[in-house]
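Descriptive structure summary
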Amino acid sequence: MTAVAVPGAGQVGPQAPARARSAADLLHEARSCERAACIPEAIRCYEAAISAAERSGEKPILAEALRRLAVVMHHRNESSRARELCKRSYKVACDLQNDVLAAEALNTLGGLAVRMGDVEDARNHFRQALERGGHAGELRARVELNLGVLANIRGELVDAVAHYERSVESYRATNDEHGSATAYVNLGIAHTDLRQYDWADSYFSKSFEIAERAGDAHLQGMCLVNHAEAHFLRERYDAARRMAEAALAIFDQLDSRADKSEAYKMIGMVYRETGRPALAESRLRTAIELAVSAGSVLNEAEAARELARLMQAMGRNQDALTLLNTAHRLFGRLDARVDLVHVGGKVSELETTYFDVVREWGQSIESADSYTFGHCERVAQSALAVARGLVLDETAQTAIRLGAYLHDLGKVRVPHEILNKPGPLTREEFEVVQMHPIWGLELLAAVEFPWDLKPIIRWHHERYDGTGYPDRLRGDEIPVAAQIVGIVDVFDALTTARSYRPAMTHEAAMQEIERCKGWWSEAVYDAFRASLARQHAMEAA
């Protein structure tokens, strides 16, 4: 895009000094600079307009210049200054008793509150804006747009679409084409989330055409990066990369680090899906760095999640889990702040990725022992059934399921000839096998899980009577989660063919479990038997 030609900050026409220009002219020039992505010039012109309006006593222009400068500062991640400027704008408007200007300031304050995660504060600002200036159609259009954003935060996408459509109606009624374009890009985002891609394409295209005509660089970038995501989800990777790179060029010009992070994330995702892992890792790490520098928790969390998926595809499971843990922690912060994201859906998606990574890692462990393939999956599912029988909460159930997938992680360090030995193990060989719970924890030493998995991995071979390993724990010293995985692990081992013996029948295995029932608490033993009974009843039905 060719930037709009802008006279020097101190001139109008050929040589006119800035102080001789009217506040209105400076405000108009500042807005033109902002839309042309000439941000330093825009800031200088807004500041000059503010000074000129203060000298001349033109309070309406002062209120508007303060508010628009607040928006620019917000895009540059200077949120504190943005709020200060906007509050000044509101005070000037109130002193004037100008309801429309006061409502504009309130609406902008609401937008800033949304970005900072204070939804209740934002809602109050928007309601006050409607009360003071709802008769102004363009203002009503902006408030409907922001109410759509609030609906997006709560994951209420259908409601969000309804607000955005009402916003478009109000913008059209006031012949505000540029305002319509802003609503169109939000409609494109909402329809992408609803997987209604043809609608999304249409809205992004409409918005971009208007933004290009208006010379609004930031809106063009937002259209491009969000349209890139729609293309990515449809596996149109070349189009996604081209649009993300075009958006990056614009955001680089604007020096908008949070937006640049979003563009880099999308480019990295495309490289990941098209088999270019080195480039994917580079772009995704840049996305994380930019998000951190911009203070964008959402972008950092999402980029970490996408990099984790790359690590998973590369078989770097420890790195993948470390990144997933980072993303989980960040989404937890977002949940507390209620940022621009439906956190519940993001965390659910993240936990699905957790299960995928851990399941694949468990299967890679089993590949060293052909007799135990599928063991971790069976143990995970059966342990989950026991946990539900004990009415453990969702957090405990998640920990048990993930811990079951990783309970034998340390066996990767057990020599193959010991794992697959056809006869009984010697004492020395058994002592090597007994090290696998400790080795499993060593492999996960750098990984801090959101769930308490490590006790399961270390103590699933402990016994209630104190005869287990590696720490000879007794009784309730052994966590219930470790006992659950332990009893299910024993049963699956008994009913699966091994290199040193054939599989036992269900009845024979249950007799052996009965003989060894002192290894687990009575509650865990009873819950295990009940879960098996339920399973058989379902299979017989």
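Residues numbered from 1 in each chain as written. Predicted model: local features only at pLDDT ≥ 70, side-chain atom pairs only at ≥ 80, totals over all residues. Heavy atoms only, no water.

Turning to the nonpolar core, a few remarks are in order. Counting 121 residues, the largest nonpolar core has Leu321, Leu406, Leu444, Phe449, Ile487, Ile513 and Phe528 as the members making the most contacts within it. In terms of residue count, the dominant contributor to this core is helix α2 (residues 39–56) (10 residues). Sequence-distant contacts of Phe528, defined by excluding residues within four places in its chain, comprise Val386, Ile487, Val488, Phe491, Met510 and Ile513. With 37 residues, the next largest nonpolar core counts Val119, Ala129, Ile153 and Tyr203 among its residues. (Core = buried A, V, L, I, M, F, W, Y, C linked by side-chain atoms within 4.5 Å. Buried < 20%, exposed > 50% of the residue type's maximum accessible area, 1.4 Å probe, protein only. Helix = DSSP H or I, 4+ residues; strand = E, 2+ residues; numbered from the N terminus. Contact = heavy atoms within 4.5 Å.)

Right, let's talk about the side chain of His125 for a bit. If you trace the backbone, His125 turns up in helix α6 (residues 119–133). Assessed through its relative accessible area of 14%, His125 is described here as buried. Once you skip the residues sitting within four places of it in the chain, His125 turns out to touch Leu106, Leu109 and Gly110.

As a further point, take the environment of Leu532. By secondary structure assignment, the location of Leu532 is in helix α26 (residues 522–540). With a relative accessible area of 10%, Leu532 lands in the buried category. Considering only alpha carbons, one finds Leu532 and Arg21, 511 residues apart in sequence, at a separation of 85 Å. Leaving out residues up to four positions away in the same chain, Leu532 has contacts with Phe491, His506 and Met510.

On average, residues of the protein chain score 86 in pLDDT, and 90% of them are at 70 or above. Scored below 50 in pLDDT, residues 1–19 shows 21 contacts in the model against residues more than four places distant or in partner chains. Contacts from residues 335–341, a stretch scored under 50 in pLDDT, to residues over four places away or in other chains number 22 contacts. (pLDDT = per-residue confidence, 0-100.)

Here Asn124 shows up in helix α6. Taking C-alpha positions, Asn124 is 63 Å from Leu494, a pair spaced 370 residues apart along the chain.

As a further point, take the packing of helix α24 (residues 480–494) against helix α25 (residues 506–515). Closest axis-to-axis distance for the α24/α25 pair is 9 Å, and the angle between their directions is 140°. Put simply, α24 runs oblique to α25. As for the relative orientation of α24 and α25, their crossing is right-handed in sense. In this structure, α24 contributes Ile487, Val490, Phe491 and Leu494 to the contact, and α25 contributes His506, Ala509, Met510, Glu512 and Ile513. (Axes fitted to C-alpha atoms, helices over the stretch in contact; angles between N-to-C directions. Parallel < 35°, antiparallel > 145°, perpendicular 65-115°, else oblique. Left-handed = near helix turned anticlockwise from the far one by under 90°.)

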